[in-house]
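# Architecture at a glance
For reference, the chains in residue letters:
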Amino acid sequence: MKKVSVICSLIVAVFFFQYCTKDDATTNNTTTQPVLPNTVFSYVINYPNHIQSSLALNDNTPNYNPLTNDGATLGRVLFYDKQLSKNNTISCASCHKQTEAFDDDIALSKGFNGGFTPRNSMSILNLRFYKSGKMFWDERAATLEEQVLKPIQDHVEMGLTLSELVTKVSSQSYYPALFQKAFGSLTIDTTKISYALAQFCRSIVSYQSKYDSVKQGLATFTANEAQGEQLFLTAGANTCASCHTPPMFITSTPQAAFALLDPNDLGINGQNRFKSGSLRNISNRKALFHNGSIANLQAMFTAVPGIPQHSVPPPDVARLTAFLNTLTDYTILTEPKFSDPFK
Ligand code: HEC
Ligand code: HEC
């Protein structure tokens, strides 16, 4: 008799607990609304000449998905919305943090269920300057439009199916009006979700660093910075610039095998080749290279044994570092149009 009543009260307790947690989850689902400006932010920008001319040559924006202010605004909300993960705990911004130059600050990032990504997160600055449009360290996504749906479906990162995604986005009261403004229709589907996310990502362009002021004739480099730029452009058989092309310092074509020897990950076509994203704001970033094993810029230059193509004589380290520091765009780290609208 005693046993039965213990079991009964246990069952009651379990039901009560489930009821409470469900209730909490529902409350979370419905309370947070994004706060957006009355006049839409400008994401379509006329960049300074040295950036605009590079954009003309390298822009991967497809004709079917031009960047618009309303499209990027919707993309911003989606980018910061935790509803895009299975248990409403993770958004794109969890691993691509504005304060970290849209990168993560640890070697491997944590997904919705506490699991870790197999590779280091990537900074998503200046994506539109990667001519081929191929995304990820191993370039496995052919376009940015294709890429942005991958983390949502990844079983470590966000863990949704595409139909769950559409259902969740459709059930939030704030989305229909944003889709109407962005695409002229209330219909919500995966294509539009991917287009809006891609637009927001493409709008994240750094063009307000000291380097940019110098290129516009508005500032001058110190002696160390100027010598560092010369080293970057000319030193060695393969110059830094031959792989990290100015003014966005993004790889044009990932070169032959050269990088960290990593038996666990051979990158593009298993050839030990990797994409390198933009080096802008590199001084601001932590956990570098595809596996995040290099703590920061200083650690890269002084790694033992040296990383092929990336170890330089000690006197050059200070100059190259001084130059790379000029690539930091402080504005982009706090600019409201790129910030979390749910805060
Ligand atoms: C749990 C962490 C995590 C989340 C959440 C996440 N990402 Fe990422 N992101 C990564 C990692 C790790 C990589 C590199 C993966 C690889 O190359 O295999 C990456 C790579 C990318 C790239 C490729 C950049 C390049 O230069 O090739 C883009 C773009 C991107 N993410 C956008 C997004 C968007 C948009 C979302 C939300 C829909 C998102 N990410 C959610 C961790 C995350
Ligand atoms: C042969 C082409 C090549 C040359 C030359 C080269 N790099 Fe790289 N660099 C790459 C590639 C590709 C990666 C990414 C490799 C990886 O993750 O395994 C990379 C990674 C980096 C990173 C880390 C980027 C990140 O997002 O984690 C920095 C910083 C960097 N390089 C700076 C330099 C500097 C400074 C020089 C000149 C001293 C230089 N590179 C020379 C191709 C090159």
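Preceding this section is the structure that the text describes.
Let us look at the structure shown here. (Residues numbered from 1 in each chain as written. Chains lettered and ligands numbered in written order. Predicted model: local features only at pLDDT ≥ 70, side-chain atom pairs only at ≥ 80, totals over all residues. Heavy atoms only, no water.)

To continue, consider the packing of aromatic side chains. Both the distance between ring centres and the angle between the ring planes are used here to describe each pair of aromatic rings. Using the criterion set out here, one finds 19 aromatic pairs in the structure. Among the aromatic side chains, those forming a connected cluster through ring pairs are Tyr43, Phe79, Tyr80, Phe102, Phe200 and Phe338. The ring of Phe136 is capped by Arg140, whose NZ or CZ atom sits 3.8 Å from the centre of that ring. Here the guanidinium or amino end of Lys275 rests over the ring plane of Tyr130, the centre of that ring lying 3.8 Å away. (Phe/Tyr/Trp six-rings, centres within 6.5 Å; stacked < 30°, edge-to-face > 60°. Lys NZ or Arg CZ within 6 Å of the ring centre and 35° of its normal.)

The next point concerns the coordination of the iron atom of ligand 1. Angles at a metal have ideal values that depend on geometry: 109.5 degrees with four tetrahedral donors, 90 or 180 degrees with six octahedral donors. The sole protein-derived ligand of the iron atom of ligand 1 is His96 (NE2), positioned 2.1 Å away. As for its position among the elements, His96 is in the loop between helix H4 (92–95) and helix H5 (144–147). (Donors = N, O, S within 2.8 Å, 3.2 Å for Na, K, Ca; no water. Helix = DSSP H or I, 4+ residues; strand = E, 2+ residues; numbered from the N terminus.)

So, about the side chain of Glu225. Its place among the elements puts Glu225 in helix H11 (residues 223–234). Polar contacts involving the side chain of Glu225 include one to the side chain of Lys210, which spans 2.8 Å. With residues up to four places along the chain from it excluded, the contact list for Glu225 reads Lys210, Thr220, Ala322, Phe323 and Thr326. (Polar contact = N/O pair within 3.5 Å; in protein donor to acceptor, adjacent residues only side chain to side chain. Contact = heavy atoms within 4.5 Å.)

Cys240, Cys243, His244, Arg285 and His310 are the nearest of the 25 residues found near ligand 2. The separation between a nitrogen atom of ligand 2 and a polar side-chain atom of His244 is 2.8 Å. With respect to ligand 2, the backbone of Phe289 contributes an N or O atom lying 2.7 Å from an oxygen atom. Listing elements by their share of the shell around ligand 2, those giving two or more residues are helix H12 (240–243) and helix H13 (297–301). For the shell around ligand 2, the leading source of residues is H13, giving three residues. (Near = heavy atom within 4 Å.)

What follows concerns the site of ligand 1. As a structural note, the neighbourhood of ligand 1 is formed by 28 residues, with Cys92, Cys95, His96, Phe136 and Lys275 the closest of them. The separation between a nitrogen atom of ligand 1 and a polar side-chain atom of His96 is 2.9 Å. Between ligand 1 and Gln147 there is a distance of 3.3 Å, counted from a nitrogen atom to a side-chain nitrogen or oxygen. Contributing elements (two or more residues each) for the shell around ligand 1: H4, H5 and helix H6 (150–153).

Let's shift gears to the side chain of His96. Looking at His96, the relative accessible area reads 19%, which means it is buried. Within the local environment of His96, its side chain forms a polar contact with the backbone oxygen of Phe102, the two atoms lying 3.2 Å apart. Setting aside anything within four residues of it in sequence, one finds His96 in contact with Phe79, Phe102, Asp103, Ser121, Met122 and Ile124. (Buried < 20%, exposed > 50% of the residue type's maximum accessible area, 1.4 Å probe, protein only.)

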